Every structure is written in structure tokens, then in C-alpha cells.
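Overview (structure and organization)
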Amino acid sequence: MIAIIVAAGVSLLVALFGTPLFIRFLVHRNYGQFVRQDGPTAHFTKRGTPTMGGVVIIGATLVGWALSYVVSGRFPSVSALLVLFLMTGLGIVGFLDDFTKIRKQRSLGLTARAKIVGQGAVGIAFAVLALQFPNEHGRTPASTRISFLRDTNLDLAFAGATVGLVLFVVWANFLITAWSNAVNLTDGLDGLATGVSLIVFGSYVLVGIWQLNQTCQRLASVGPSCYETRDPQDLAIVAAAIVGACFGFLWWNASPAKIFMGDTGSLALGGALAGLSILTRTEFLALIVGGLFVIIVLSDVIQIGFFKMTGRRVFKMAPLHHHFELSGWGEVTIVIRFWLIAGLFAALGIGIFYAEWVVG
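Residues numbered from 1 in each chain as written. Predicted model: local features only at pLDDT ≥ 70, side-chain atom pairs only at ≥ 80, totals over all residues. Heavy atoms only, no water.

Take helix H2 (residues 54-72) next. Note that an α-helix has 3.6 residues per turn; residues three or four places apart therefore point the same way. For H2, built from 19 residues, the straight-helix expectation of 27 Å at 1.5 Å per residue is met to within 8% by its first-to-last C-alpha distance of 27 Å. Three or more residues of H2 are buried, namely Gly54, Val56, Ile57, Ile58, Ala60, Thr61, Gly64, Trp65, Ser68 and Tyr69. Packed against the buried residues of H2 are helix H1 (2-28), helix H3 (78-104), helix H7 (232-253) and helix H8 (262-279). Looking one or two residues past H2, Gly73 carries a phi angle of roughly 70°, positive in sign. (Helix = DSSP H or I, 4+ residues; strand = E, 2+ residues; numbered from the N terminus. Expected span 1.5 Å × (residues − 1). Buried < 20%, exposed > 50% of the residue type's maximum accessible area, 1.4 Å probe, protein only. Contact = heavy atoms within 4.5 Å.)

Written out as C-alpha cells, the structure is:
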């Protein structure tokens, strides 16, 4: 428990005091945000605001995570390293995207093909490695079984290990792409994606702690309610470090934002969420815990699909938060209400997670 507190506290302090230093560096180099021309006109005033703040979130997370092991005297697990690898790798892809926007003075960064290749390379490496490294109990960080609150009987390796590996790589990359794009779409208003991420990753701290207390690897009598997660404590530490980093960064990212996380932060946070859902064996529970992210994505999908079929729009603008902006809602009002919705989804997800254990 001390390691979890240290991870959250240190990453919070690093992000809180490191962000203004990074802002000064970005301002000095004229690394500012470019605003899409078809967006709400109120956003034009945000042009030039420093971006790539995800560098601080990733850096603070890594520092907080590392110091937690120094204080506790423990060695990092493969599961923690895999999530951090996924987070950092996608953060690098996002950084290249952000830097391309700045260098080419436009609101579009990497080409779609380049971004897919980058995300795919990191995702494939994560997926392949996640099925390796069995511990003394024979458990690997990930499983080929599809999971909801824990692994189900739906096994991707139904036709052998090779088929299972291939299907798992496809499934894992789908989740990684979906979650990274979900956070990216949500990052459209000051503090929105950061605050929602704080809530969602906070939920995963609780999931990790509960799985640690009820792990099949520690109970003398293994029953149907214990959890097969390989390294629940280490995953809780990673989640706590991300919570602290988001908390410290939010101080500067809240309206009026002094800095944006950019694709560097949104892709990194989405990757971390996908990694945690896979390694804690809660892939479908994440859809509930991160329900606000899901709604944002669905609003975009509905808008595009309906327009292609009918030539008309469902919303004034997608994603959903821009619809409310154009409907006259204030930016701060939208952000706070969306935070509340995110909190309700997270509470519902944790409630279902706990209720399943009680019933089991």
C-alpha cells in the first residue's frame, strides 16, 4: 500500500511543479497548438497554447512508479513494465504527430498510415510479450481468454496456441487503437480528457488492490472468486502513478488551459488504459468504467455514419462535447458535467466488479 501512495504522491508533485517548467520551454521554442478550422470559433483563441503536455504526464508517471519501488525495496514486474512500455511507445507516436503539426504549421500531423504503423508496431510487441514470462504459478501477464470481470470461457486459442497468439494480437491491437482514439477524441476541451482519465485510472487502482487481496496466488484455498491476474499490486502502482500525474497536470490543463496534453498524452493514456484492462483481465468492464470515453466515440461514429447514409447530421458537431458547445453551453459547464458522468460510470463499473465477487 505504501508503494501505491508513494507512486501517486511523487508523480503528482513531479507533474505539478514540472509542468510550468515545460510550459516555459515550449513557449521559448514557440511550440504551440494549431486549431482545426472547422471547429468551434471560440477555440481560435487557443491557437498557440503550448502542447505536447503528455511528455510531463509520461515522465511524472515513470518517476513516481520508479521511486515507489525504491521506497518499497521491490523489483518491478513484467506486467508493470509492459503497461509502461505501451504507454511510452504510444506517447512517442503521439509526440511525433504533435511535433509534425508544429513543424509543418498545420492542425494535421502524421499521415493516417504512419500513425497506424506506429501504433501497430507498439501494440504487436506488447501483445506478443504479454503472453510470455510465466511466473512460478505458470501465469503470464495476459491471457488468450476474452475477459469481462475476469477471464471467461471464450478462448482465442480454441484452435491451438499459434491461432490463439494471432487472434490475441489482433484483439489486443483493436483494444489499444480503440482506447487511444477514444481518449484522443475526448481531448477537445480544457481539462476534459485529463479529468476523466484521473477518474478512470483511479478506478483501476481499486481494481488492482482488490485483486491483490483476492488473488489465486496468495489464497490457501483457491475458489471461483479469486483472480488470476499475474501482478495486481504492480498494476495498481502503475495506475496510481498515472492518477497522480493527471492530477498534477490538471492544475495547469484546467480552463483556461496553460498547456494541452496533445496526442502525446491522449495516445499514451489510451494505451495505458487498454494495457490495464488486458492485464487485469477486465477488458469489457473497461467499457463501463470508461463509459464517458465510449459515449464520445459513439457520438463520432453516429455522426459520420448517419451523414454518409442520409446527408444529414445528428449533432451540431461531433464529438459530443462540441455539440453542447454550439448549443450554448459554457466550456467549464460541459467539462464539469462530463466529469460527473464519468464518475457515475466509474462507480457503476466498480459496483459491478464488487457485486460479482460477492455473488461468486
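So, next bit.
Here we take up the side chain of Arg230. Looking at the secondary structure, you find Arg230 in the loop between helix H6 (192-213) and H7. Here Arg230 falls in the buried class, since its relative accessible area comes to 11%. Polar side-chain contacts of Arg230 include one of 3.1 Å to the backbone oxygen of Phe133. In this structure the side chain of Arg230 is engaged in a polar contact, spanning 2.6 Å, whose partner is the side chain of Asp231. (Polar contact = N/O pair within 3.5 Å; in protein donor to acceptor, adjacent residues only side chain to side chain.)

For the rest of this paragraph, the subject is the pattern of salt bridges. Opposite charge on two side chains permits them to pair, given that their charged atoms come into close proximity. Counting across every chain of the model gives nine salt bridges. Among the salt bridges present, the one from Arg74 reaches Asp234, with a minimum N-O distance of 3.2 Å. Of this pair, Arg74 sits in the loop between H2 and H3 while Asp234 is found in helix H7, placing the two residues 160 residues apart along the sequence. For Arg74, a relative accessible area of 28% translates into the label partly exposed. Owing to a relative accessible area of 5%, Asp234 belongs among the buried residues under this scheme. Of the charged contacts in the structure, one is a salt bridge between Lys101 and Asp97, with a shortest N-O distance of 3.6 Å. Of this pair, Lys101 and Asp97 both sit in helix H3, four residues apart, roughly one helical turn. Residue class for Asp97 comes out buried when judged on its relative accessible area of 2%. (Salt bridge = Lys/Arg side-chain N within 4 Å of Asp/Glu carboxyl O.)

Let us look at the packing of aromatic side chains. Counting across every chain of the model gives 12 aromatic pairs. Ring geometry for Trp65 versus Tyr69: centroids 5.2 Å apart, planes at 70°, classification edge-to-face. Here Trp65 pairs with Tyr69, and both are found in helix H2, just four residues apart, close to one helical turn. For the cation-ring pair, Arg337 lies above Trp329, with the distance from its terminal atom to the ring centre recorded as 4.9 Å. (Phe/Tyr/Trp six-rings, centres within 6.5 Å; stacked < 30°, edge-to-face > 60°. Lys NZ or Arg CZ within 6 Å of the ring centre and 35° of its normal.)

Remember that the coordinates give geometry; whether it matters functionally is a separate question.
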